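What follows is each chain in one-letter form.
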Amino acid sequence: MAIIMYHNPRCTKSRQTLQLLKEHNIEPEVIEYLKTPPSRKTLSDILDMLNLEPRTLMRKNEAVYQEKNLGDPELSRDDLIDAMIDDPILIERPIVVNGSRAALGRPPENILEII
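Residues numbered from 1 in each chain as written. Predicted model: local features only at pLDDT ≥ 70, side-chain atom pairs only at ≥ 80, totals over all residues. Heavy atoms only, no water.

Novice: Help me get a handle on the environment of T12, residues and values and all.
Specialist: Relative to the helices and strands, T12 resides in helix α1 (residues 12-23). The sequence separation of T12 and N69 amounts to 57 residues, and the corresponding C-alpha distance is 27 Å. (Helix = DSSP H or I, 4+ residues; strand = E, 2+ residues; numbered from the N terminus.)

Novice: Break down the pairing of strand β1 (residues 3-7) for me, citing the residues and quoting the values.
Specialist: Among the 5 residues that make up β1, 4 are buried, leaving the element largely enclosed by the rest of the structure. Note: β1 against strand β3 (residues 95-98), 4 bridges, orientation antiparallel. For M5, the partnering residue across the bridge sits in β3 and is V96. Where β1 and strand β2 (residues 29-32) come together, 4 bridges link them in parallel fashion. Looking across to β2, one finds that I4 is bridged to E29. Where the polypeptide runs from β1 across α1 and back to β2, its parallel neighbour, the crossover connection is right-handed. (Buried < 20%, exposed > 50% of the residue type's maximum accessible area, 1.4 Å probe, protein only. Pairing = 2+ DSSP bridges. Right-handed = clockwise from strand over helix to strand, strands pointing away.)

Novice: Tell me what's going on with the sheet that holds β3, and back it up with residues and numbers.
Specialist: The 4 strands are arranged β2-β1-β3-β4 in an open sheet whose pairing can be described as mixed. In this open sheet, the two edge strands, each paired with only one partner strand, are β2 and β4 (101-104). Strand-to-strand twist in this sheet, taken as the mean axis angle between neighbours without regard to direction, amounts to 20 degrees. Docked against the sheet, α1 engages β1, β2 and β3, running at close to 160 degrees with respect to β1. Running at roughly 80 degrees to β4, helix α2 (residues 40-50) makes contact with β1, β3 and β4 of the sheet. (Axes fitted to C-alpha atoms, helices over the stretch in contact; angles between N-to-C directions. Contact = heavy atoms within 4.5 Å.)

Right under this line is the structure:
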């Protein structure tokens with residue numbers, strides 16, 4: 001099964017994570033999630049694999065987070081997942097998925113636990 005990396009080439013941590021994978025002779029399937037956001041099911045599955053709630057995987061410093069009032073505790077898990085799909089810049093990166101396991105590459109060494 002291929003290792004998948006949700007990648008933003010403009011992000012230093014994302015580039016470092018990709019380099020770390022390559023240093024371990026892994027050529028992941030790279031998905032530039034800003035161009036190709038994950039589906040609702042995929043994002044929900046990734047959150048489950050990471051054992052995180054959506055808000056924990058959100059980039060709270062992005063302007064859209066404030067503009068859409070995503071800190072509102074009344075918003076449901078589905079509301080937050082929808083927001084991340086609509087504005088994928090909100091998704092923290094990079095995320096590496098290996099089968100049924102996932103890791104957030106912050107720091108990049110986190111991914112070593114799943115490869």
